[in-house]
Amino acid sequence: MELRQLECFVAVAEEANFTRAAARLHIVQSAVSATIKSLERELGGPLLDRNSKRVLLTDAGAALLPRARDTLDAARDAADAVAEVRGGLRGTLRLGTLTSVRLLDLPALLGGFHRQYPGVVLQTSAAPTGSQGLVDAVRERRLDLAFVSLAGPRPAGITLTRLSTSVLDLVVPVDHPLADRATVSITELAGLDFVDSPVGYGNRAVADRAFAAASVARRVSIEITDIATGVDFVRNGLGLALLPRFVLARAKGVATLTVSDADLDWPLSLASPSDRTPGAAARAMIEMARDFVA
C-alpha cells in the first residue's frame, strides 16, 4: 500500500466525485481510477460504490477512511519535521476565504506568508455559501483552514481562532424617518424591509440571532453576497441594512445608527479541524494571522 493510493482514495471520498478529486490532485481522472482499483485489489474488496450518481463509500471504505487520513497526516508531519530542520516549510496549504474579508488586509497577509514561506503553495478558494460552507469544507478536510464569521456556539469538529470583530450598525437612506437619530431599539425595526446576505453568511447569522433574541420579526427582501454593495442598495431606497463599521467609513447618501439593545458583534476567525493537529504550514498561517491583526 502506497501513500499515493491513500491520497487518491481520500480525495475521492472527500470530494464524492472522481473528476473533482483528479482536479484537486492535479492528475487525470483515469489515473485516479486506476490507482483506486489497484488499492482495492491489494485490500481484496471494493472501497467505493460507483453505481450511484454520487460516489459513496462501501463499509470497507468507511472503515479505511479515518485510518487513511491518519496515515497521510503522519506522513505530512514527518515531511514537515524534516523541512523545518532543513530551514523551510514545504507543501500545500488549502485556505478558504469569505467573498468579502475586510476586517483584515488579506492580500497583504497572504503576500507576507508567501515571502516568509516560499516553499508552501497557497491554494485559496471562496465559498459562495458563506461561512457555513467553509466550515463544512474544513470539517470534511477539503480545506486545511478557512476564514469564517460565525455567531453562536462553536460548530462540532471545528476549532476557532478569533482574529477580529466589528459591530453591525443600522444603515438607512438620508431621507428615512430614522435618519436623524443616533440610536434605535431593535423593536422599532419590526416589519421593515432589509438588505442582507443569504442564510449561511456570518453577518446574516449575527442579525438573525439578534432579532430572534428580541422576538422581533424581520423581512429580508433583497439578498447580496458582497456586503460592500449594501450601502448602494440602501442609498437607492431598496431597504435598510445592518453593515459592519469598516464598510461605512466613507459611505455617502446614507445615515448610520447604533442599535442600542442588541448583540450585533460580527467576529472573524480562522477555522481548523479539531480532530487533528494542524500541519506546520497551517500553524504558521494561524500564528501570522494572529500577529497581523494584533
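Residues numbered from 1 in each chain as written. Predicted model: local features only at pLDDT ≥ 70, side-chain atom pairs only at ≥ 80, totals over all residues. Heavy atoms only, no water.

Chemist: Where do I start with helix H1 (residues 3-15) in this structure?
Modeler: Along an α-helix, residues three or four positions apart point the same way, because every turn accommodates 3.6 residues. Between the first and last C-alpha of H1 there are 18 Å, a value that for 13 residues agrees with the 18 Å anticipated at 1.5 Å per step. Across the 13 residues of H1, 10 count as buried, placing the element largely inside the fold. Taken together, the buried positions of H1 are Gln5, Leu6, Cys8, Phe9, Val10, Ala11, Val12, Ala13, Glu14 and Glu15. Following H1 by one or two positions, Ala16 adopts a phi angle in the positive range, close to 55 degrees. (Helix = DSSP H or I, 4+ residues; strand = E, 2+ residues; numbered from the N terminus. Expected span 1.5 Å × (residues − 1). Buried < 20%, exposed > 50% of the residue type's maximum accessible area, 1.4 Å probe, protein only.)

Chemist: Looking at this model, I keep getting lost on the packing of H1 against helix H3 (residues 29-43). Mind explaining?
Modeler: When two helices pack together, their arrangement is captured by the angle between the axes and the distance separating the axes. Orientation of H1 relative to H3, taken along the N-to-C sense of each, is 110 degrees, at an axis distance of 9 Å. Considered as vectors, H1 and H3 are oriented roughly perpendicular to each other. Crossing of H1 against H3: the hand is left-handed. For the pair formed by H1 and H3, the contact residues are Arg4, Gln5, Leu6, Cys8, Phe9 and Val12 on the first element and Val32, Thr35, Ile36, Ser38, Leu39 and Glu42 on the second. Within the contact of H1 with H3, the residues separate by chemical class into seven nonpolar, three polar and two charged. (Axes fitted to C-alpha atoms, helices over the stretch in contact; angles between N-to-C directions. Parallel < 35°, antiparallel > 145°, perpendicular 65-115°, else oblique. Left-handed = near helix turned anticlockwise from the far one by under 90°. Contact = heavy atoms within 4.5 Å. Nonpolar A, V, L, I, M, F, W, Y, C, P; charged D, E, K, R; others polar.)

Chemist: Teacher, can you tell me more about unusual backbone geometry here?
Modeler: Glycine aside, a negative phi is what most residues show, and trans is what most peptide bonds show. One non-glycine residue, Ala16, lies in positive phi territory at about 55 degrees. When you line up the elements, Ala16 lands in the loop between H1 and helix H2 (18-25). On the basis of relative accessibility, which here comes to 5%, the residue Ala16 falls in the buried class. The residue Arg141 is not glycine, and still its phi comes out positive at about 65 degrees.

Chemist: Would you take a moment to explain the packing of H2 against H3 for this structure?
Modeler: For the pair H2 and H3, interaxial distance at closest approach is 8 Å and the crossing angle is 105 degrees. In terms of their interaxial angle, H2 and H3 are classed as roughly perpendicular. Within the contact between the two elements, H2 uses Phe18, Thr19, Ala22 and Leu25 and H3 uses Gln29, Val32, Ser33 and Ile36. For the contact of H2 with H3, a count of residues per class yields five nonpolar, three polar and no charged.

Chemist: Hey, could you run me through the confidence of the model for the protein in this one?
Modeler: Summary statistics for the protein give a mean pLDDT of 88 and a share of 96% for residues scoring 70 or more. Per-element averaging of pLDDT across the protein places helix H4 (residues 59-85) at the bottom with 83 and strand E7 (residues 183-184) at the top with 96. (pLDDT = per-residue confidence, 0-100.)

Chemist: I'm lost on the layout of surface pockets in this one. Help?
Modeler: Within this model, the largest pocket holds a volume of roughly 900 Å³. Lining the largest pocket are 33 residues, and of these Glu7, Arg76, Thr92, Arg94 and Asp144 lie nearest its centre. Among the elements of the structure, H1, H2, H4, strand E3 (91-97) and helix H9 (280-293) are those that each provide at least two residues to the lining of the largest pocket. Examining the composition of the lining of the largest pocket, we find that eight residues originate from one element, H4, more than from any other. Of the residues contributing to the lining of the largest pocket, the split by class is 14 nonpolar, six polar and 13 charged. (1 Å grid on protein atoms, 1.4 Å probe; cavity = no way out; pocket = protein on both sides within 12 Å on 5 of 7 lines; lining within 4 Å. Points joined across faces, edges and corners; volume = space filled by probe spheres on them.)

Chemist: Just checking my understanding: could you explain the environment of Glu15 for this structure?
Modeler: Within the secondary structure layout, Glu15 lies in helix H1. In this structure the C-alpha to C-alpha distance between Glu15 and Thr258, which are 243 residues apart in sequence, comes to 43 Å. Leaving out residues up to four positions away in the same chain, Glu15 has contacts with Arg20, Ala21, Arg24 and Arg142. A distance of 3.2 Å separates the side chain of Glu15 from the side chain of Arg24, its partner in a polar contact. (Polar contact = N/O pair within 3.5 Å; in protein donor to acceptor, adjacent residues only side chain to side chain.)

Chemist: What is the right way to read the pattern of salt bridges from this model?
Modeler: For side chains bearing opposite charge, pairing can occur when the charged atoms are close. Counted under the stated rule, the structure contains 19 salt bridges. Between Arg4 and Glu7 there is a salt bridge, with its nearest N and O atoms 2.7 Å apart. Of this pair, Arg4 and Glu7 are both found in helix H1, three residues apart, which corresponds to roughly one turn of the helix. The class for Arg4 is partly exposed, based on a relative accessible area of 34%. Between Asp196 and Arg218 there is a salt bridge, with the nearest N and O atoms lying 2.9 Å from each other. Remark: Arg218 occurs in the loop between helix H7 (202-213) and strand E9 (219-223) and Asp196 occurs in strand E8 (residues 193-196); sequence separation between them is 22 residues. Exposure class is identical for Asp196 and Arg218. Each is buried. A single network of salt bridges, built from pairs that share partners, joins Glu14, Glu15, Arg20, Arg24 and Arg69. (Salt bridge = Lys/Arg side-chain N within 4 Å of Asp/Glu carboxyl O.)

Chemist: So what exactly am I meant to see when it comes to the packing of aromatic side chains here?
Modeler: Any aromatic ring pair is given by two values, namely how distant the centres are and how the planes are angled relative to each other. Per the stated rule, a full pass over the model turns up three aromatic pairs. Ring plane angle 75 degrees and centroid distance 5.7 Å describe the contact between Phe194 and Phe211, whose orientation is recorded as edge-to-face. Residue Phe194 is found in strand E8, and its partner Phe211 is found in helix H7; the two are separated by 17 residues along the sequence. A single burial state applies to Phe194 and to Phe211, both of which are buried. Sitting over the ring of Phe211, Arg218 keeps its end group 5.1 Å from the ring centre. (Phe/Tyr/Trp six-rings, centres within 6.5 Å; stacked < 30°, edge-to-face > 60°. Lys NZ or Arg CZ within 6 Å of the ring centre and 35° of its normal.)

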